[in-house]
Protein chains: 2
Amino acid sequence: MKIAVLGTGMVGQNLAQVLAAKGHEVMIGTRDVGQALQYKKPNGFGMPGFGVWVEDKPHIHVGTYAQSISFGDLIINATNGNASIEALRMGKADLAGNKVLIDLGNKLQPLPGSMPKSLADDSHSLGEEIQSTFANLRVVKTLNTMNTYVMSDPSTVAGDSTVFVCGNDAQAKATVTSLLGEFGWKDIIDLGDIKGSRGVEMILPLWLRLLGSLGGAKPFNFKVVR
Amino acid sequence: MKIAVLGTGMVGQNLAQVLAAKGHEVMIGTRDVGQALQYKKPNGFGMPGFGVWVEDKPHIHVGTYAQSISFGDLIINATNGNASIEALRMGKADLAGNKVLIDLGNKLQPLPGSMPKSLADDSHSLGEEIQSTFANLRVVKTLNTMNTYVMSDPSTVAGDSTVFVCGNDAQAKATVTSLLGEFGWKDIIDLGDIKGSRGVEMILPLWLRLLGSLGGAKPFNFKVVR
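(A) The arrangement of the interface of chain A and chain B in detail. If you look at the interface, chain A gives 39 residues, while chain B gives 39 residues. In terms of surface lost to chain B, no three residues of chain A exceed Arg209, Val225 and Arg226 of chain A, which account for 23% of the buried area on that side. Run the count over chain A and chain B and you get two salt bridges. Looking at the side of chain A that touches chain B, the elements that each hand over two or more residues are strand S7 (117-118), strand S10 (187-190), helix H9 (197-201), helix H10 (204-213) and strand S11 (221-225) of chain A. Residue composition of the side of chain A that touches chain B, grouped by class: 19 nonpolar, nine polar and 11 charged. Of the pairings in the sheet, the one linking S11 of chain A to strand S11 (residues 221-225) of chain B comprises five bridges and is antiparallel in character. Within S11 of chain B, the residue paired with Phe222 of chain A across the bridge is Val224 of chain B.

(B) Expanded view of the confidence of the model for chain A. Averaged over all residues, the pLDDT of chain A equals 96, while 100% of them reach at least 70. We note a pTM of 0.95 for the whole complex and an ipTM of 0.95 for its interfaces.

(C) Here's a closer look at the relation of the copies chain A and chain B. Here chain A sits on chain B after a turn of 180° about the axis and a move of 0.0 Å along it, with an RMSD of 0.0 Å. Classification of the inter-copy transformation places it as that of a two-fold axis. In this assembly the copies share their binding face: 100% of the residues contributing to the interface of chain A also contribute to that of chain B.

(D) Summary view of the sheet that holds strand S8 (residues 138-142) of chain B. All names here are of chain B. Read across the sheet, eight strands follow the order S3-S2-S1-S4-S5-S8-S9-S10 without closing on themselves; strand pairing throughout is mixed. Every other strand in the sheet has two partners, leaving strand S3 (61-64) and strand S10 (187-190) as the edge strands with one partner each. When strand polarity is set aside, the average angle formed by the axes of neighbouring strands in this sheet is 25°. Here strand S9 (residues 162-167) runs beside S10; their pairing, made up of four bridges, is parallel. Following the sheet pairing, Val165 is matched in S10 by Asp190.

(E) Broad picture of helix H8 (residues 170-183) of chain B. All names here are of chain B. Taking 1.5 Å per residue, 14 residues should reach 20 Å; H8 reaches 20 Å between its end C-alpha atoms and fits that length. Residues of H8 that are buried include every one of Ala172, Lys173, Val176, Leu179, Leu180 and Phe183, and no others. For H8, the angular spread of the buried residues around the axis is 120°, confining them to a single face. Seen from the open side of H8, the exposed residues pointing more than 90 degrees away from its buried face are Ala170 and Gln171. Its side-chain oxygen at 3.1 Å from the backbone nitrogen of Gln171, Asp169 defines the N-terminal cap of H8. At the exit of H8 stands Gly184, carrying a positive phi of roughly 110°.

Thresholds, definitions, all that
Residues numbered from 1 in each chain as written. Chains lettered and ligands numbered in written order. Predicted model: local features only at pLDDT ≥ 70, side-chain atom pairs only at ≥ 80, totals over all residues. Heavy atoms only, no water. Contact = heavy atoms within 4.5 Å. Buried area = accessible area lost by both parts, 1.4 Å probe. Salt bridge = Lys/Arg side-chain N within 4 Å of Asp/Glu carboxyl O. Helix = DSSP H or I, 4+ residues; strand = E, 2+ residues; numbered from the N terminus. Nonpolar A, V, L, I, M, F, W, Y, C, P; charged D, E, K, R; others polar. Pairing = 2+ DSSP bridges. pLDDT = per-residue confidence, 0-100. Least-squares fit on C-alpha atoms with pLDDT ≥ 70 in both. Axes fitted to C-alpha atoms, helices over the stretch in contact; angles between N-to-C directions. Expected span 1.5 Å × (residues − 1). Buried < 20%, exposed > 50% of the residue type's maximum accessible area, 1.4 Å probe, protein only. Arc of directions from axis to C-beta. Polar contact = N/O pair within 3.5 Å; in protein donor to acceptor, adjacent residues only side chain to side chain.

Laid out in structure tokens, this is it:
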């Protein structure tokens, strides 16, 4: 499948690489391609900047948001949640037809010297905001409740765990569920329509607390035991 | 231990009964004892009203909020989250000394024909509100992320699952952790100070969605797999 991954950060890099390795044709979308390729400074986790990372990956295309959205049969929003609507506007997502968009973003307000603050509540979510702003897209919210290495390989966690999906279009959810299966997901719970985004986005403060409490040494994820 | 359980609803009834069966001396606290004892109508789940339920339980004391708070070495807030501050005010909790209070409440706004709406966000939680209003108490937030039968018996769920605790006082958390052990809890994660209440209260919208998605037939709970 032709997949557009919007965002050149750690999440975008990892998903693009894993999807390409699984045989998909991938384009990473960014605001300004020239600028992104010049970004060679390692990030806070010591990972190479995008311009270095991409050097030995000629099979991964790089394009603007608009080129990527036009390229992909499926679009993955891996941009910073606070900038996602703007990125999709720049990418003319309103003209993309009824493509499936996976939103795995979270709106987090950085706070100096403290955990970031989640801006989701039981009236607002990024998933719903994307769906209502780009009514043509078929938005599926998923994968936002874990780190990116767990997203693309659930066996990273020492035990069976759960991924949630929600969205208004059953066929879009089936497409996404199939892609999740390629990543290795077995326990996929359908939470219903896109309003379920509130539930999965509101889990972030607990997730961030757990990251602190568990010491961050081992990846973790939630399992709905039943 | 002498334990006050504030609230005569399903949660209060269940916890009072289980704690009494485990050998604790229990008083259920309510706004108006006479009125509570006259309440004999079954609830929406077909369970007997408090006045009927209490008839064959002479070993469980019933008192006002003030009598119960004065009685208990440990206080459990099992009142409706929207009325908890008022109930504690009526019970003169500010004069209770530095007793340990377990808060398992959630602030949920009922919506006609729809799931209730969580009022918690990443700036507000009931646990913090109780702690800041009654600075003398040592508030421990726990058990609010599951149904009451799972609270008092985690083996109700088909598999090992997790309970969270948070609070500002380490000794209070140790007391509560010991009580959780009596219920059978093994995987108890300390989320740090009382601000962790935001995380566990914000999980409610996901919990309610899951209740719908899973059909409500089997009890469920979250496990932090790591």
